[in-house]
Amino acid sequence: MIRLANELDLPAVAAIYEAILDHEDATGIHYTGWQRGAYPTADTARSIFDAGMLYVGVDETGSVWGSMNLNGQQLPEYQNGAWTIPAEDRQVAVIHTLTIDPARAGQGLARQMVAFAEDTARRQGKTVLRLDTGTENLPANRMYPALGYKAAGTVDTFFMGDSQRPLNLYEKKL
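For clarity, every value in this text was computed on a predicted model and none was experimentally measured.

1. Focus on the nonpolar core
Formed by 23 residues in total, the largest nonpolar core has its most connected members in Met 68, Leu 70, Ile 95, Val 114, Leu 129, Tyr 144 and Tyr 149. No other element matches helix H3 (residues 109–123), which puts seven residues into this core. In terms of nonpolar packing, the next biggest core, distinct from the first, is built from 14 residues, Tyr 17, Ala 45, Ile 48 and Val 56 among them.

2. A look at the pairing of strand E5 (residues 128–134)
Buried residues dominate E5, accounting for seven of its seven residues. Side chains Val 128, Arg 130, Asp 132 and Gly 134 project from E5 onto one buried face, and the interleaved Leu 129, Leu 131 and Thr 133 project onto a second face that is buried too. Where strand E4 (residues 92–100) meets E5, four bridges bridge the pair, whose relative direction is parallel. Bridge assignment links Val 94 to a residue of E5, and that residue is Arg 130. Crossover handedness for the path E4 to H3 to E5: right-handed.

3. Re the environment of Thr 127
For Thr 127, the location among the structural elements is in the loop between H3 and E5. According to the relative accessible area criterion, Thr 127 is partly exposed, its value standing at 25%. Residues Thr 127 and Arg 90, spaced 37 residues apart in sequence, show a C-alpha to C-alpha distance of 9.2 Å. Setting aside residues no more than four positions away along its own chain, Thr 127 makes contact with Ala 87, Gln 91, Lys 172, Lys 173 and Leu 174.

4. Structural notes on the pairing of strand E2 (residues 54–58)
For E2, the tally of buried residues reaches five of five residues, placing the bulk of the element in the interior. Side chains Leu 54, Val 56 and Val 58 of E2 all project onto a buried face; the interleaved residues Tyr 55 and Gly 57 project onto the opposite face, where all are buried too. Across three bridges, the pairing between strand E1 (residues 2–4) and E2 is antiparallel. Within E2, the position partnered with Ile 2 by the bridge is Gly 57. Where E2 and strand E3 (residues 64–71) come together, five bridges link them in antiparallel fashion.

Conventions adopted
- Residues numbered from 1 in each chain as written.
- Predicted model: local features only at pLDDT ≥ 70, side-chain atom pairs only at ≥ 80, totals over all residues.
- Heavy atoms only, no water.
- Core = buried A, V, L, I, M, F, W, Y, C linked by side-chain atoms within 4.5 Å.
- Buried < 20%, exposed > 50% of the residue type's maximum accessible area, 1.4 Å probe, protein only.
- Helix = DSSP H or I, 4+ residues; strand = E, 2+ residues; numbered from the N terminus.
- Pairing = 2+ DSSP bridges.
- Right-handed = clockwise from strand over helix to strand, strands pointing away.
- Contact = heavy atoms within 4.5 Å.

Take a look at the structure:
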């Protein structure tokens, strides 16, 4: 089940952030571009929760297996995207920081999160879903096109204000 997070979910969400970073360190494959202690953190989860935009995936026991921030906030760099689906800002939903516990990888859970985001955005009257992912995030860059998302270019961003990081942009008409 995927639902809006409650306050009791916040430690589990933060633990998934850390588990992803631990997995990257253990494998030597740093696909997220995240920085331990900077982004994402427990404070990141708290701010998304406080904004009412934190969604979690939970199993039948109530354990959190994933999370995402679903809102309409497009990064400033999105202005440089090669978007092909016309939409006013109020018509756009955006997925940020979609996470799956590495122990649950390969079970189709990220696909479930994306489908939930699409359904939620449609119910909110949105007409397009946009997102970004680092160019080095091979799992995400394979998954989004497989789910019908169209590439909308690559833009440079300064992640956490200091490191230049290219992001692939994707969009899908809802």
